[in-house]
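# Report on the structure
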Amino acid sequence: MNSRLLTSLVFLTAIFSGNAALSQLSAIEQGLRDYIDTHHEEAIELLIEIVNINSGTQNLAGVTEVGRILRQRFDGLDMDTEWIDGSAWNRAGHLVARNTKPNNSGPHILLIGHLDTVFQIDSPFQEYEYLGDYIAKGPGVADMKGGDIIILQALSALKDQGLLEQMNITVVMTGDEESTGPSEYTEQARAALVAAAQDADIALGFENGDGNPSTAIPARRGYANWELRVKGNPAHSSQIFQDEVGAGAIFEISRILNSFYEELSEEEYLTFNPGIIIGGTELNFDSDTNRGDSFGLSNVVSQDAIARGDLRMISNEQTMRARSAMEAIVARNLPLTDAKFLMDAGMPPFQDSEGNRRLLGMFSQASQDLGYGEVTAVDPSRAGAADISYVGDYVEMAIDGLGMGGANDHTVDETGDLETLHMQAKRAAILMHRLSRDD
Ligand SMILES: [Zn+2]
């Protein structure tokens, strides 16, 4: 289908769905809706332009270029823009756009996007392709260049209605959401986002969520990585279990992992997955590449074992509880073994709250008033970690998943639903307008 026909079909659909709920929208809100519908084709053109620029996290030039193009658009809205250089943490950097002039009123709203994708420069998946029926395929089309365009469209509509000037808005589009790098850099890499959240009252994340536009995300699980390093006492296997030999490293690491499973696997929203294990008399493990090998003989009690895994949790309280239960299990060593359990800071959970539920309710109301139906919460066990997780603790209310609908993200079959591009922009613009009047 050519793009003109596509646009007119999309436009007709929009008029149809808009009419059903005309009376629910104020004149200004109708203006927001109409602006976004009439600028839908331009939004798709900009989406195509940025999808066709490779911005795999490690392609610093590509991420910077996508940031440069979007920065011009925020400049065009008379926002104050800034590029935060990421070389200190080996990434491209972040785009920040602010509309926080001294006389502005209403709550300070933080809008979160990201410029990078999981598709590196050598990926076979580099181009936007229209598949028909409003579905487009492309690297990062839904995760989350579509979401970035939705932010821009919503703000453009607010600007067009003369509303943006008085609002308090900060946009942060990170350049390294998909691969934040080693945990020792996390604090630095997320400093701009956290600082923006500390100044904000409300945060809206435009990730693609679970791909279903009738859901949004008031809570996401966080994650941490853990490692077990276990030592045993090498001896002839015929002497294993004797007081002077003990149980060996492999029995000990097996006991620990099995106890994790037995004691903790039933807890709601808590998961932990050992992804790699090596044991024997001698082992080599490269902790950067997660590769290794081992040597061991069936007649020698094992000396070393190592396992690595992740942990996903719904609240900080659950992290603390799981961690202390795991540490207690680790400490109950089998005879003559020693085990160390290490866990990194990972990414905090985006914790559910009454504020988040209220914000979800307002988003759902905006959706219904536009004729798009109710929006409900995604099951948190289906929602992965994202940048909103770094801001949830600093704002009164936050939701994520307000981006473009789509499917198969993080694969070479990633698609985005172009219908949801203007649908989500309209919902977001009306939500922001209502939030700015609601204090
Ligand atoms: Zn994403």
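Residues numbered from 1 in each chain as written. Predicted model: local features only at pLDDT ≥ 70, side-chain atom pairs only at ≥ 80, totals over all residues.

Each helix and strand counted, the protein chain has eleven helices and 18 strands in total. Across its three principal directions, the C-alpha atoms of the protein chain cover 85 × 45 × 40 Å. Taking all 439 residues of the protein chain together, 48% fall into the buried category. Counted over contacts in the protein chain with a minimum sequence separation of 6, partners at least 24 positions apart contribute 79%. (Helix = DSSP H or I, 4+ residues; strand = E, 2+ residues; numbered from the N terminus. Buried ≥ 20, exposed ≤ 12 C-beta atoms within 10 Å, placed from the backbone. Contact = placed C-beta atoms within 7 Å.)

Here we take up the nonpolar core. Within the largest apolar cluster, 108 residues are counted, with the highest numbers of intra-cluster contacts made by Leu 110, Ala 154, Leu 158, Ile 202, Ala 203, Leu 204 and Ala 429. With eleven residues, helix α5 (residues 141-160) is the largest single contributor of residues to this core. A domain split of this core shows at least three residues from each of domain 1 (3-220 + 350-437) and domain 2 (222-343). Not counting the four nearest positions on each side in its chain, Ala 429 is found in contact with Leu 32, Ile 36, Ala 154, Ala 157 and Leu 158. (Core = buried A, V, L, I, M, F, W, Y, C linked by C-beta atoms within 7 Å. Domains from an automatic or database assignment.)

Take the sheet that holds strand β3 (residues 108-114) next. The strand order across the open sheet built from six strands is β1-β2-β6-β3-β7-β16, with neighbouring strands paired in mixed fashion. This sheet does not close on itself; its edge strands, each paired only once, are β1 (80-85) and β16 (397-399). The sheet shows a mean angle of 15° between the axes of neighbouring strands, direction not considered. Taken together, the four bridges between β3 and strand β7 (residues 202-205) define a ladder with parallel strand orientation. (Pairing = 2+ DSSP bridges. Axes fitted to C-alpha atoms, helices over the stretch in contact; angles between N-to-C directions.)

Turning to helix α2 (residues 27-38), a few remarks are in order. Helix length check: α2, at twelve residues, gives a terminal C-alpha distance of 16 Å against a target of 16 Å (1.5 Å per residue), a fit within 8%. For α2, the full list of buried residues reads Glu 29, Leu 32, Arg 33, Tyr 35, Ile 36 and Asp 37. (Expected span 1.5 Å × (residues − 1).)

With 17 residues, helix α4 (residues 60-76) ought to run about 24 Å at 1.5 Å a step, and its terminal C-alpha atoms sit 24 Å apart, in line with that. Among all positions in α4, only Gly 62, Val 63, Thr 64, Val 66, Gly 67, Leu 70 and Phe 74 are buried. For α4, the secondary structure elements touched by its buried residues are α3 (40-51), β1, β2 (93-99), α5 and β6 (168-174). Looking at the residues trailing α4, positive phi occurs at Asp 78, about 60°.

Attention now moves to the domain arrangement of the protein chain. Assigned domains of the protein chain: these are domain 1 (3-220 + 350-437) and domain 2 (222-343). Computed from C-alpha coordinates alone, the two centres of domain 1 and domain 2 are separated by 41 Å. Between domain 1 and domain 2, the contact holds six residues from the first and six residues from the second. Among the residues forming the side of domain 1 that touches domain 2, the class breakdown is three nonpolar, three polar and no charged. (Nonpolar A, V, L, I, M, F, W, Y, C, P; charged D, E, K, R; others polar.)

This part is about the environment of Glu 252. Relative to the elements of secondary structure, Glu 252 occurs in helix α8 (residues 249-264). On a C-alpha basis, the gap between Glu 252 and Asp 338 in space is 8.3 Å, while along the polypeptide they are 86 residues apart. Sequence-distant contacts of Glu 252, that is, excluding residues within four places in its chain, are made with Val 230, Gly 232, Ala 247, Asn 333, Leu 334, Thr 337 and Ala 339.

This part takes up the sheet that holds strand β9 (residues 222-231). The strands that make up a sheet are held in pairs by hydrogen bonds between backbone atoms, and each pair lies either parallel or antiparallel. A sheet is described by the order of its strands in space; here four strands give the open sequence β10-β13-β9-β14, paired in antiparallel fashion. The outermost strands of the open sheet, each flanked by one partner alone, are β10 (271-280) and β14 (338-343). Across the sheet, the mean angle separating the axes of adjacent strands is 15° when strand polarity is ignored. Its contacts with the sheet place α8 against β9, β10, β13 (304-313) and β14, and it is angled at close to 170° to β10. Along the sheet face, helix α9 (residues 316-331) touches β9, β13 and β14 and points at about 165° away from the line of β14.

Cis geometry marks the peptide bond from Asp 143 to Met 144; its omega dihedral reads -10°. Tracing the chain through its elements places Met 144 in helix α5. With phi around 60°, Asp 78 is a residue other than glycine that occupies positive phi space. You can call Asp 78 exposed: it has 11 C-beta atoms within 10 Å. We note that Tyr 269 has phi near 70°; this positive angle belongs to a residue other than glycine. With respect to the secondary-structure elements, Tyr 269 resides in the loop between α8 and β10.

To continue, consider the environment of Pro 234. Residue position: Pro 234 is located in the loop between β9 and α8. Taking the C-alpha atoms as reference points, Pro 234 and Pro 124, 110 residues apart in sequence, are found 49 Å from one another.

The buried count for strand β11 (residues 282-286) comes to zero of five residues, which makes it a mostly uncovered element. Counted along the chain from β11 to the antiparallel partner strand β12 (residues 291-295), the turn is four residues long, and its residue Asn 290 has a positive phi close to 60°.

So, on to the packing of α5 against helix α11 (residues 419-437). One way to put it is that α5 packs onto α11 with a least axis distance of 8 Å and a crossing angle of 50°. Between α5 and α11, the angle falls in the class oblique. In this structure, α5 meets α11 at a crossing whose hand is right-handed. Of the residues in α11, those in contact with Gly 146, Ile 149, Ile 150, Gln 153, Ala 154, Ala 157 and Leu 158 of α5 are Leu 421, Gln 424, Ala 425, Ala 428, Ala 429, Met 432 and His 433. Along the lines of polarity and charge, the residues of the contact of α5 with α11 split into ten nonpolar, four polar and no charged. (Parallel < 35°, antiparallel > 145°, perpendicular 65-115°, else oblique. Left-handed = near helix turned anticlockwise from the far one by under 90°.)

Mapping Leu 311 onto the fold places it in strand β13. Given 24 C-beta atoms within 10 Å, Leu 311 falls into the buried group. Sequence separation of Leu 311 and Ala 224 is 87 residues, and the distance between their C-alpha atoms is 5.2 Å. Dropping the residues within four chain positions of it, Leu 311 is found in contact with Tyr 223, Ala 224, Trp 226, Phe 272 and Ala 322.

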